[in-house]
Amino acid sequence: MDAGPPNGSGLCWSLLFREKTWDGLQMTCFLIVAALFAAQELPAVSEKAPVSIEHFPTRTHAFVWRNWQLVSPERMARVIDTDPKDVIRMARAMGLGEPPAIPVDIRQRGYITIVRRNWHLLPYDQLLVLLDMTEAQLAFALREDDFLYIKLGSLKPNCELLRYEAPTPEVLEREESIRDLVEKTFPSGPAELDEPLFQFVKDLSAPYTASAQLPKSNFAPRYCSSYFALFGDPLLDEEIDPYPDGYLDRLVSSGVDSVWMHVVLYQLAPYPWDSSLSEHFERRLERLGSLVKRARSRGIGIYLYLNEPRAMPLSFFEGRDHLKGVVEGDHATVCTSVPEVREYVVASVEGICRAVPELAGFFTITASENLTNCWSHHQGAGCPRCSKRLASETIADVNAAVREGIDRANSDAELIAWDWGWRDDWAVDAIERLPDDVALMSVSEWSIPIRRGGVDNRVGEYSISTIGPGPRATKHWAAARSRGLKTIAKIQAGNTWELAAVPYIPALQNVAQHAANLRDAEIDGIMLGWSLGGYPSPNLAVVAEIAASGADDLSPREAMLRVARARYGDSHANAVVDAWVTCSEAFSEFPYDGGVVYRAPLQVGPSNPLWNHPTGYAASMVGIPYDDLPGWRGPYPSEVFIQQLELVANGFESAFESLTEHAGDDASGALLQELNVIEAAGIHYRSVAQQAGFVEARSRHGQSPSNENLRTLRNLVEQERDLAIRLHAIQIRDSRIGYESSNHYFYVPLDLVEKVVNCDYLLQKFGDKPEITN
């Protein structure tokens, strides 16, 4: 076995995954981020060297290659202090062809992709030039953009300044070798796209000509997030529309009646202690009002997600010590037990409701995510006021403040209190203390016991492989019903971190059965997904069919058949449903664990490089998995982890082959897109199994070199190369593949071409002499 990553590089994950229960994950990422850098400062650079990139002639070549499809040669040249002609020469020399058209959406929708691929290449100064960002802007993005710094591993490698150097004869020879390989493997051009990156945004935004009539349903609301929404401050950028009309109409036709947006309260209302934080709040409210009105006209309501009030840097409390609650790192809570703080929450919500009277509602997270109230990270004993109050009392009071703001405005807005992070020993008491007109939302699949590959575990959330509802949600809904409160189930209908690099996981039988179980449990409403899963997919449509009024006896298969007929036609419906069933049965073997879904290379698949030496880095949260097999597999032994992923991959591949054989020459349009999703999903799962096998074989070979180990390594490298080629062919024709809104593109086509170069380099190494070491 490879040794685990050094303790220092695994700070975030050693904290988050120390415990086997999902409660061990509830101390989420904010405290780590807060401890590492202040509000306007970039995180300190570590002393840790970046990972090796031996398959390129130089690190500058890696820089040009990895940015070729995303950044202009002119900007790259500014970064490495050279002429654009030098950048173009290097790209041509490696077989990349002429400069491609850079997607116009890249500045807003792809900067995370750029940050991630340059994290181990550029120091901050050069990264800022590449991104065209100020230090404050990048610091804000790392802190606020869905925990981006955590996703990068909570560590900035110590990268040397990158500069262009004239090529040596050895470099020229290596360039030629790469070019020959690329031209042979990708004769049509490695960077040529049949469908441009982000084409799905245009496709989903285009006018929708089919019927968008909203079906009557037993679930209300049925809400999801945007498939291509932006994090950060989307209400201030008027050029970006998270919910264009065509997309809203497509959601309606898929059975959705509402969507949600993440907001920061002081950006929508005056902040009484520092007005600079609320600059432009009127503009944001105006844009929100327009968006709400437009969405309402198309049958869609908008909910705002509140995680409030936000903690502030310790410097904020100079002269305001009476507001300070719990301290974490260099931040502290603005304590909600202080009357003026509570009034700030009430007045802010009131102001929003008055400015946007057609707002559908709010939902709150009060014991997780950012540091907010003093009990939000379960550390209320550190506050002189909240230490004298029960956690349940504080949590309920925050929700009561939001409800009071709604009532003051005489608004019809709904308030949904999400119990995410509420501890079992006080969750029911918190429910008892909620106001009478609040709905209670709970993750449906939470705490379901599972046994996979002989390993016992419990599901937390983000699971389609497990069918809910589970005991925790059932208990909390019963407590809510006993008070006459409305009950909401939070599920992931479209996709999960079990795989987010496809627009939806085609395991529809699991989704349909889960929806049927919730229908039979008489749940009032349903959240269809967190930041992922908002694609207008057959998954959303099958939930709508199950939940339709008058369809109380509709079976999952009949619901799937209705969806398949509507999307693919009568002649293909049964074959598509059979493929969905095969995927679902295989997916029930997925080795679920919180560590697995966050740390394994599920999202990057075969774009993840292979290293012939351990990197020494810990896998980060849905970010950079490296070669951290001990982190990838969670509680599963390596052989079981590999076995279970192979079972999943076998099922998806079987479904793809059967549906392809059925379709014959008729695989076009919607049916081709369905095949793209099934094949890409199977490739991802197969690749994770192969990468795990590679790390295992590398370790064995390092401990005891043998021809058998070397043959195993060669076979796995060849198989990874083949998967990269197959996935490249899919992504160049389907821009949805590899994308997720909070992470942008996990990979682009040239990353898959790079994997071919990476594999070829390793095969040459193996053929020369075994340089694999432990």
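In every chain, residue numbers begin from 1 and rise along the written sequence. In keeping with the predicted nature of the model, local features appear solely for residues at pLDDT of at least 70, side-chain atom pairs appear and are counted solely at 80 or more, and the whole-chain, interface and lining totals rest on all residues. No hydrogens and no water enter the side-chain calculation; it runs on all heavy atoms of the structure.

**Topic: the sheet that holds strand E7 (residues 361–365)**
The strand order around the closed barrel formed by 8 strands is E1-E2-E3-E7-E8-E9-E12-E13, and the pairing between neighbours is parallel. Along the sheet, successive strands turn relative to each other by an average axial angle of 25°, direction set aside. We treat two strands as partners when DSSP finds at least two bridges between them. Secondary structure is summarised from DSSP: a helix means a run of H or I of at least four residues, a strand means a run of E of at least two, and numbering begins at the N terminus for each. The pairing of strand E8 (residues 414–418) with strand E9 (residues 439–443) spans 3 bridges and is parallel. Paired with isoleucine 416 across the bridge in E9 is alanine 439. Working convention: axes come from line fits to C-alpha atoms, limited for helices to the stretch in contact. Angles between N-to-C directions cover 0 to 180 degrees.

**Things to note about the environment of valine 596**
Structurally, the position occupied by valine 596 is in helix H23 (residues 594–599). Taking the relative accessible area as the measure of exposure, valine 596 reaches 1% and is therefore buried. Taking the C-alpha atoms as reference points, valine 596 and glutamine 137, 459 residues apart in sequence, are found 32 Å from one another. Should any heavy atoms of two residues lie within 4.5 Å, those residues are counted as being in contact. Residue contacts for valine 596: discarding those within four places in its chain leaves Phe590, Pro591, Leu602, Trp632, Arg633, Gly634, Tyr636 and Phe641. Residue exposure (1.4 Å probe, protein chains only): buried if accessible area is under 20% of the type maximum, exposed if over 50%, otherwise partly exposed.

**Re the pattern of salt bridges**
Here, a salt bridge means any side-chain nitrogen of Lys or Arg that lies within 4 Å of a carboxyl oxygen of Asp or Glu. According to the stated counting rule, one finds 43 salt bridges in the structure shown. The partner of aspartate 321 in a salt bridge is lysine 324, with the nearest N and O atoms 3.6 Å apart. The exposure class assigned to lysine 324 is partly exposed, which follows from its relative accessible area of 26%. Note that glutamate 558 is salt-bridged to arginine 565, the shortest N-O span being 3.5 Å. Judged by its relative accessible area of 29%, glutamate 558 falls in the partly exposed class.

**Some points on the packing of aromatic side chains**
To describe a pair of aromatic rings, one takes the distance between the centres and the angle between the planes. The criterion for an aromatic pair is that two Phe, Tyr or Trp rings (for Trp, the six-membered ring) have centres within 6.5 Å, with stacked assigned to planes under 30 degrees apart, edge-to-face to planes over 60 apart and tilted to the rest. One pass over the structure, following the stated rule, counts 40 aromatic pairs. Consider the rings of tryptophan 119 and tyrosine 149, whose centres lie 6.3 Å apart with planes at 70°: the pair is edge-to-face. Taken together, the residues span a long stretch of sequence, with tryptophan 119 in the loop between helix H7 (111–118) and helix H8 (124–131) and tyrosine 149 in helix H10 (residues 148–151) at a distance of 30 residues. For the ring pair tyrosine 271 and phenylalanine 316, a centre distance of 6.1 Å and an interplane angle of 40° mean the geometry is tilted. One end of the pair, tyrosine 271, is in the loop between strand E2 (258–262) and helix H14 (281–297); the other, phenylalanine 316, is in the loop between strand E4 (312–313) and strand E5 (324–328), with 45 residues separating them in the sequence. The exposure classification of tyrosine 271 matches that of phenylalanine 316, with both residues buried. Ring-pair connections join several aromatic residues into one group, and the members of that group are Phe198, Phe200, Tyr227, Tyr504, Tyr535, Tyr739 and Tyr745. Its end group placed over the ring of tyrosine 617, lysine 48 keeps NZ or CZ at 4.5 Å from the ring centre. The side chain of arginine 472 reaches across the aromatic face of tryptophan 446, ending 4.5 Å from its centre. A ring has a charge above it when a Lys NZ or an Arg CZ is no more than 6 Å from the ring centre and no more than 35 degrees off the ring normal.

**A few points about the sheet that holds strand E6 (residues 331–334)**
Two strands in a sheet stick together by hydrogen bonds in their backbones, pointing the same way (parallel) or opposite ways (antiparallel). An order of E4-E6-E5 is seen for the 3 strands of this open sheet, with the pairing classed as antiparallel. The open sheet is flanked by E4 and E5, the only strands paired with a single partner. Where E4 meets E6, 2 bridges bridge the pair, whose relative direction is antiparallel. In the sheet register, proline 313 faces E6, and the bridge partner there is histidine 331.

**Notes on the pairing of E8**
Counting buried residues along E8, 5 of its 5 residues qualify, which places the element largely inside the surrounding structure. Alternating positions in E8 separate into two faces, Glu414, Ile416 and Trp418 on one and Leu415 and Ala417 on the other, with burial throughout. Pairing between E7 and E8: 5 bridges, direction parallel. Paired with threonine 364 across the bridge in E8 is alanine 417. By the criterion used throughout, a crossover qualifies as right-handed when its path from the first strand across the helix to the second strand runs clockwise, the strands pointing away from the viewer. Crossover connection from E8 via helix H17 (residues 427–433) to parallel E9: handedness right-handed.

**Remarks on the side chain of glutamine 691**
As for its position among the elements, glutamine 691 is in helix H26 (residues 669–703). Polar contacts, as used here, are pairs of N or O atoms within 3.5 Å; protein pairs need one atom able to donate a hydrogen and one able to accept it. Residues neighboring in sequence count only if both atoms are side-chain atoms. From its side chain, glutamine 691 meets the backbone oxygen of glycine 605 in a polar contact 2.8 Å long. Residues contacting glutamine 691, with those up to four places away along its chain left out, are Pro601, Gly605, Pro606, Asn608, Leu610, Trp632 and Glu720.

**Focus on the packing of H26 against helix H27 (residues 707–731)**
In the contact formed by H26 and H27, the axes pass within 9 Å of each other and the chain directions differ by 155°. Viewed along their axes, H26 and H27 adopt a mutual orientation that is roughly antiparallel. Pair H26 / H27 crosses with left-handed handedness. In the contact of H26 with H27, the residues fall into 11 nonpolar, 10 polar and 6 charged. Under this scheme an angle from 65 to 115 degrees is roughly perpendicular, one under 35 degrees roughly parallel, and one over 145 degrees roughly antiparallel; angles in between are oblique. A clockwise turn of the near helix away from the far one marks a right-handed crossing, whereas an anticlockwise turn of less than a right angle marks a left-handed crossing. Classes in brief: Ala, Val, Leu, Ile, Met, Phe, Trp, Tyr, Cys and Pro nonpolar; Asp, Glu, Lys and Arg charged; the others, Gly included, polar.

**So, the pairing of strand E11 (residues 455–458)**
What you see with E11 is a clean split: Val455 and Asn457 sit on the buried side and Asp456 and Arg458 on the side with no burial. Where strand E10 (residues 449–452) and E11 come together, 4 bridges link them in antiparallel fashion. What sits directly across from arginine 452, in E11, is valine 455.

**Structural notes on helix H9 (residues 135–144)**
Those residues of H9 that sit buried are Leu138, Ala139, Ala141, Leu142, Arg143 and Glu144. Downstream of H9 by a residue or two, aspartate 146 has a phi angle that is positive, lying close to 55°.

**Focus: the packing of helix H22 (residues 570–587) against H26**
Contact geometry for H22 and H26: axes closest at 12 Å, N-to-C directions at 15°. Classed by the angle they form, the pair H22 and H26 counts as roughly parallel. Between H22 and H26 lies a crossing of left-handed hand. Every residue of H26 that contacts H22 at His572, Val576, Ala579, Trp580, Cys583 and Phe587 is listed here: Leu671, Glu674, Ile678 and Tyr685.

**Some words on the confidence of the model for the chain**
What pLDDT expresses is the predictor's confidence in each residue, scored from 0 to 100. Of the residues in the chain, 93% have a pLDDT of 70 or more, and the chain-wide mean is 92. Note that residues 1–39 has pLDDT below 50 and, in this model, 110 contacts with residues that lie over four places away or in other chains. Every residue in residues 769–774 is under pLDDT 50, and counting partners more than four places away or in other chains gives 22 contacts.

**A closer look at the nonpolar core**
Counting residues in hydrophobic clusters, the biggest one holds 269 residues, and the most contacted among them are Phe362, Trp422 and Tyr685. Contacts of phenylalanine 362, omitting those with residues within four sequence positions, involve Tyr303, Leu304, Leu306, Val349, Ile352, Cys353, Val402, Ile406, Ala413, Glu414, Leu415 and Ile416. Buried Ala, Val, Leu, Ile, Met, Phe, Trp, Tyr and Cys residues that are joined via side-chain atoms within 4.5 Å together make up what is termed a nonpolar core.

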